[in-house]
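Chain by chain, the residues:
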Amino acid sequence: MKEQIFILENYNSFNPKHIFECGQCFRWNLNNDGSYTGVFKNNVLNVKKEDNKIVFKGMCEDNIIKICIDYFDLDTDYIDIKKRLSKIDNNLKLSVEFGEGIRILNQDLWEALISFIISANNNIPRIKGIIERLSKTYGKPIIWNECTYYTFPTPEELSKASEQDLRNLGLGFRDKRVFETTKIINENKGLLDELKQEENIQILREKLNKFPGVGPKVADCIMLFSLKKFNVFPIDVWVRRVMNDLYIKNEDETKVSKKQIEKLAQEKYGDIAGLAQQYLFYWRRENEAV
DNA sequence: ACCCAGGGTCGTC
DNA sequence: GACGACCCTGGG
């Protein structure tokens, strides 16, 4: 592998900070120069926005342009999506303005499955640390600019970890869930492809729920972030909070039922509920005191 | 120092 | 369908 460069000029709706900090991914880190560096599949990439250019630079196993178009969802028209969301109400308009450069990454299904199992009742800094340690211990090294990066372990690589190994890496009670899910994937080689080909959301959700550690929220995240199902609406504490603040206004947000939020999201946002979720999540998390 | 919450899920009642 | 338990860590 050798370094490749790809530059987008005058490209709209692309802001690295918005993309990497809206909660969809865990392996991108901010550098001193404002750029972000991350690992996905067998690639290491650095992304920097300067003036009217987006500069992609890195070690890629395939053509960097092809890889970026796929991973950064460059063929989707976000101007149109944002226009539609802005028309819904003023809240959406404000959240879309705030996170104008958000894009939904097309992440690897296996990595998303494990990562979001780890995310359960956990906080983002700790989730990132756990995934980094998993990669360092079981993934493959890629050297670039005198730094060593590690790929996310494949199912085979992760199968080398015992439950106790996982516990030692800091997974806590999620050790068993990750261990069992890895075992299921390794015993059913065609399962991941089968999931990728399933178009029906309900069937997909049922299949995902069979993995230990995958409940409704984690299943929705997997579908939205790695299977391009833009109509699902993952509900976590932040989304519950913002939906309650904006529409429901219950004194105790924890008392608001998931069903009620789901219904509201489908009615208001419909087939792009997942996109709405990302703008709202990012907006609410970055403006906590509001 | 102590307490709480965090991109929830699971087992039990 | 409600309710508590669950590893661990950063921040109040």
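Residues numbered from 1 in each chain as written. Chains lettered and ligands numbered in written order. Predicted model: local features only at pLDDT ≥ 70, side-chain atom pairs only at ≥ 80, totals over all residues.

**Comments concerning the overall build of chain A**
The helix and strand inventory of chain A stands at 15 helices and seven strands. A principal-axis box enclosing the C-alpha atoms of chain A has dimensions of 50 × 45 × 35 Å. Looking at chain A as a whole, 39% of its 290 residues are labelled buried. Intrachain contacts of chain A at a sequence separation of at least 6 include 62% that bridge at least 24 residues. (Helix = DSSP H or I, 4+ residues; strand = E, 2+ residues; numbered from the N terminus. Buried ≥ 20, exposed ≤ 12 C-beta atoms within 10 Å, placed from the backbone. Contact = placed C-beta atoms within 7 Å.)

**As for the sheet that holds strand E2 (residues 28-30)**
One open sheet holds the five strands; their spatial order is E1-E5-E4-E3-E2, and the pairing between them is antiparallel. In this open sheet, the two edge strands, each paired with only one partner strand, are strand E1 (3-9) and E2. Taking each pair of neighbouring strands and ignoring which way they run, the sheet shows an average axis angle of 20°. Two strands pair when backbone bridges link them, and E1 and strand E5 (residues 53-59) are joined in this way by seven bridges, in the antiparallel orientation. Residue pairing across strands places Glu-9 opposite Lys-53, the latter belonging to E5. Contacts from helix H2 (residues 64-71) reach E1, strand E3 (36-40), strand E4 (43-50) and E5, with the element oriented near 55° to E1. (Pairing = 2+ DSSP bridges. Axes fitted to C-alpha atoms, helices over the stretch in contact; angles between N-to-C directions.)

**Quick word on the protein's contact with DNA strand C**
Taken together, Asn-121, Pro-125, Arg-126, Arg-167, Gly-170, Gly-172 and Phe-173 are the residues near DNA strand C. Per-class residue counts for the surface near DNA strand C are two nonpolar, three polar and two charged. (Near = placed C-beta within 6 Å. Nonpolar A, V, L, I, M, F, W, Y, C, P; charged D, E, K, R; others polar.)

**Notes on unusual backbone geometry**
Although it is not a glycine, Lys-41 sits at a positive phi angle of roughly 45°. A positive phi angle is found at Asp-73, which is not glycine, with a value near 55°. Locating Asp-73 in the fold gives a position in the loop between H2 and helix H3 (78-88).

**Regarding the protein's contact with DNA strand B**
Among the 22 residues in the neighbourhood of DNA strand B, the closest are listed as Gly-23, Ala-120, Asn-123, Gly-215 and Val-218. Within the residue set of the surface near DNA strand B, elements represented by two or more residues are helix H6 (124-138), helix H12 (216-226), helix H13 (237-248) and helix H15 (273-286). Looking at the surface near DNA strand B residue by residue, the classes come out as 10 nonpolar, nine polar and three charged.

**Structural notes on the nonpolar core**
In summary, soluble globular proteins display a tendency toward joint burial of nonpolar side chains. Ranked by size, the top nonpolar core spans 75 residues in total, and within it Leu-113, Ile-117, Ile-222, Ala-276 and Tyr-279 carry the most contacts. Residues in contact with Ile-117, not counting those within four places in the same chain, are Arg-174, Arg-177, Val-178, Thr-181, Gly-213, Val-214 and Val-218. (Core = buried A, V, L, I, M, F, W, Y, C linked by C-beta atoms within 7 Å.)

**Observations concerning the domain arrangement of chain A**
On domain assignment, one finds that chain A holds domain 1 (3-75), domain 2 (109-226) and domain 3 (237-286). Each of domain 1 and domain 2 was reduced to a C-alpha centroid, and the two centroids are 22 Å apart. Of the residues lining the interface, nine residues belong to domain 1; the matching set on domain 2 comes to 11 residues. A class-by-class count of the residues in the side of domain 1 that touches domain 2 yields four nonpolar, four polar and one charged. (Domains from an automatic or database assignment.)

**Some thoughts on helix H9 (residues 175-187)**
Between its terminal C-alpha atoms H9 stretches 18 Å, which fits the 18 Å expected from 13 residues at 1.5 Å a residue. Considering only its buried residues, H9 is in contact with helix H5 (109-118), helix H7 (155-158), helix H8 (163-168) and helix H10 (191-197). (Expected span 1.5 Å × (residues − 1).)

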